[in-house]
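Read off the chains here:
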Amino acid sequence: MAERDRESIIQQCTRFVPAWAGASRTPADVFRELADRAGPRGDVYGEGESVARLESRIAGLLGKESAAVFPSGTMAQQIALRILCERRGRRTVTSHPQCHLELHEEKGYEHLHGLHLRLVGNRNRLITLEDLEEIAEPIGVLLLELPQRNLGGQLPSWDDLVAQTAWARERDVALHLDGARLSQCGAYYERELRDNAERFDTVYVSLYKDLGGLGGCVLAGPEDLIAEARVWRVRHGGRLSSFEAIALSAELGLDEVLPRMPSFVSKAQEIGAALARVDGIDVLPDPPQVALLHVFLRGELERLRDAVLDIADERRILIARWLAPTPLPDVQATELGVGASTLEVPTDEIAEYYAELVMRA
Ligand SMILES: Cc1ncc(COP(=O)(O)O)c(C=O)c1O
């Protein structure tokens, strides 16, 4: 089906099983609500009341001294890694083979900052302490991603997390947390966000994923490090003339989405249990640990894609945003990010649509 048809079919949908871009509200929802929040004056180059308030709220939630807003996680993480490495006189960062830096950033850490990435562990499972113990070269930073998005949002046990961060501390290896979706982790660990964050020197959280803001992220850490990161933000061309819309929309998320996160995680678990009972479907992880899961469907890729659109066309419900091939030719994968729109669809109905999808394919 032509791409234009696909878009117009999706436009006509009124219900969405996967939350919008992993967020719980659409850009249209955000724009409507921002009008009421905007004050008479915005920020100028990041200096202003609403930006300062957002930065200090997130620093507080993460238990960090300071925080700064950035246009993207890609920019903020590279900057954090550069500073952490430079302070240790080492250039190597170690991280999971499916980390965002490796897969989606065109090796910016290397081209822009002269850093090296030493991937550790197996791409299909989380990093273990044993994986770290095999590293025989000097490492500046250990970057961990909680939850590990490309593994269906898996999380290490608390004990594993403690052991891995202790491994780093014993070797004077700095710790950076890719917490793009950190707000999803509370339910699994039954801890506050700051309990996760305190094990790391620097933490990045996205403002547009879980929180549904209009873009950007926040980098949090010690005051001197964040002050230096602000200098690098200028060097990267990342000091936008205004961060106002980003900051206000992210605050909306803090106020209205964050408190709903436990219900999103429960729904992901319900969906996981229901889909795991459908013939031809597997979920990862089983049970889901955060407000997202990966779903593996038996069937041919194009037939499944067509079936998703047929269901969308006939019933005005989008049940999968994308389908991607897996190493098994007869199995395709999709990601279900759970948010407010997901909650509006009963779990039994979601399972029925997925069963139908596999049957049609
Ligand atoms: C785990 C993870 N880290 C980092 C990023 C980078 O964030 P940004 O899109 O703001 O550059 C993403 C974005 O998808 C992500 O999923």
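The coordinates are above.
Residues numbered from 1 in each chain as written. Predicted model: local features only at pLDDT ≥ 70, side-chain atom pairs only at ≥ 80, totals over all residues. Heavy atoms only, no water.

**Some points on the layout of surface pockets**
If you roll a probe as big as a water molecule over the atoms, it shows you where there is empty space left. Worth spelling out the cut-off: Space inside and on the surface of the protein is sampled on a 1 Å grid over the protein atoms alone, with a cavity defined as a set of points where a 1.4 Å probe fits but cannot get out and a pocket as an open set with protein on both sides within 12 Å along at least 5 of 7 lines; lining residues have an atom within 4 Å of a point. Grid points are joined across faces, edges and corners, and a volume is the space filled by probe spheres set on the points. Elements are defined by DSSP. Helices are runs of H or I of four residues or more, strands are runs of E of two residues or more, and each kind is numbered from the N terminus. Under the convention adopted here, Pro, Cys and the residues Ala, Val, Leu, Ile, Met, Phe, Trp and Tyr are nonpolar, Asp, Glu, Lys and Arg are charged, and Gly plus all remaining residues are polar.
Here the largest pocket defines a volume of roughly 400 Å³. In terms of lining, the largest pocket is formed by 16 residues, of which the most central are Q98, N150, H294, F296 and A333. For the lining of the largest pocket, the secondary structure elements donating two or more residues are strand 10 (292-298), strand 12 (324-325) and strand 13 (331-337). A breakdown of the residues in the lining of the largest pocket according to their chemical character gives 8 nonpolar, 5 polar and 3 charged.

**Let's talk about the environment of V93**
Inclusion rule: Residue contacts are counted whenever heavy atoms from the two residues lie within 4.5 Å of one another.
Within the secondary structure, V93 sits in strand 3 (residues 92-95). Sequence separation between V93 and V173 is 80 residues, and the spatial gap between their C-alpha atoms is 9.2 Å. Once residues within four sequence positions are removed from consideration, V93 is found in contact with L81, C85, L115, H116, L117, R118, V141 and L143.

**Points about the pairing of strand 13**
Stated precisely, the cut-off is as follows: Type-normalised accessible area, obtained with a 1.4 Å probe on protein chains alone, sets the label of each residue: buried when under 20%, exposed when over 50%, and partly exposed for intermediate values. Between any two strands, at least two bridges found by DSSP are needed for them to pair.
Most of strand 13 sits inside the fold, with 7 of its 7 residues counted as buried. Where strand 10 lies against strand 13, 7 bridges are found, and the strand directions are antiparallel. Among the inter-strand pairings, L293 is bridged to a residue of strand 13, identified as L336. Where strand 12 and strand 13 come together, 2 bridges link them in antiparallel fashion.

**A closer look at the site of the ligand**
To be explicit about the condition: Definition of nearness: a residue and a molecule or strand are near each other if at least one heavy atom of the residue lies within 4 Å of the molecule or strand. Pairing of N or O atoms within 3.5 Å defines a polar contact, subject to two protein rules: one partner must be a possible hydrogen donor and the other a possible acceptor, and residues neighboring in sequence count only if both atoms are side-chain atoms. Each accessible area is a Shrake-Rupley result for a 1.4 Å probe, and residues are judged covered by the shown protein chains and nothing else.
Every residue lining the ligand is accounted for by S72, G73, T74, Q77, H100, E145, D178, A180, R181, Y204, Y208 and K209. One nitrogen or oxygen atom from the side chain of Y204 is found 3.2 Å from an oxygen atom belonging to the ligand. The separation between an oxygen atom of the ligand and a polar side-chain atom of K209 is 2.6 Å. Considering the ligand on its own, with 390 Å² of exposed area, one finds that the protein chains cover 88% of that surface. The greatest single-element share of the shell around the ligand, amounting to 3 residues, is contributed by helix 4 (residues 73-88). Split into classes, the residues belonging to the shell around the ligand amount to 3 nonpolar, 5 polar and 4 charged.

**Brief notes about a negative patch on the surface**
What counts, and what does not: Only residues above 30% relative accessible area that lack a salt bridge enter a patch, with like-charged residues linked at up to 9 Å and the nonpolar side chains Val, Leu, Ile, Met, Phe, Trp and Tyr linked at up to 5 Å. Salt bridges are counted wherever a side-chain nitrogen of Lys or Arg sits within 4 Å of a carboxyl oxygen of Asp or Glu. We count Lys and Arg on the positive side and Asp and Glu on the negative side, and we leave His and both chain ends out. A single reference atom marks each charge: NZ on Lys, CZ on Arg, CG on Asp, CD on Glu.
The grouping of E130, E133, E134, D159 and D160 at the surface amounts to a negative patch. When residues of the negative patch are traced back to their parent elements, those giving at least two are helix 7 (129-133) and helix 8 (158-170). Tracing the backbone through its elements, the reader meets E130 in helix 7.

**Some details on the side chain of Q77**
Within the secondary structure layout, Q77 lies in helix 4. Judged by its relative accessible area of 1%, Q77 falls in the buried class. Ignoring anything within four residues of it in the chain, the contact list for Q77 reads L101, E105, L143, H176, L177, D178 and Y204.

**With respect to empty space enclosed by the protein**
This structure, assessed with the given rule, holds 2 cavities of 30 Å³ or more. Along its surface, the largest cavity is lined by 14 residues, and S183, L193, V205, L211 and L258 are the ones closest to its centre. Those elements giving two or more residues to the lining of the largest cavity turn out to be helix 3 (49-62) and strand 7 (202-206). Of all the elements, helix 3 adds the most residues to the lining of the largest cavity, at 3 residues. Grouping the constituent residues of the lining of the largest cavity by class yields 10 nonpolar, 3 polar and 1 charged. Its boundaries defined by the atoms lining it, the second largest cavity holds a volume of some 100 Å³. Taken together, 13 residues make up the lining of the second largest cavity; nearest its centre are L126, I127, L144, E145 and Q148. Mapped onto the lining of the second largest cavity, the elements with two or more residues apiece are strand 5 (141-145) and helix 8. Ranked by residue count, the leading element in the lining of the second largest cavity is strand 5, at 3 residues.

**Section: the sheet that holds strand 7**
Just so we agree on the cut-off: Throughout, an axis means a line fitted to C-alpha atoms (over the contacting stretch in the case of helices), and angles, computed between N-to-C directions, take values from 0 to 180 degrees.
The 7 strands lie next to each other as 2-8-7-6-5-3-4, forming an open sheet whose pairing is mixed. This sheet does not close on itself; its edge strands, each paired only once, are strand 2 (66-70) and strand 4 (116-119). When strand polarity is set aside, the average angle formed by the axes of neighbouring strands in this sheet is 20 degrees. By the bridge criterion, 4 bridges tie strand 7 to strand 8 (residues 217-221) in an arrangement that is antiparallel. When the sheet's bridge partners are listed, Y204 is paired in strand 8 with L219. Its contacts with the sheet put helix 4 on strand 2, strand 3, strand 5, strand 6 (174-178), strand 7 and strand 8, and the angle it makes with strand 6 is roughly 175 degrees. Most of the contacts of helix 8 go to strand 5, to which it runs at about 165 degrees, and overall it touches strand 5 and strand 6.

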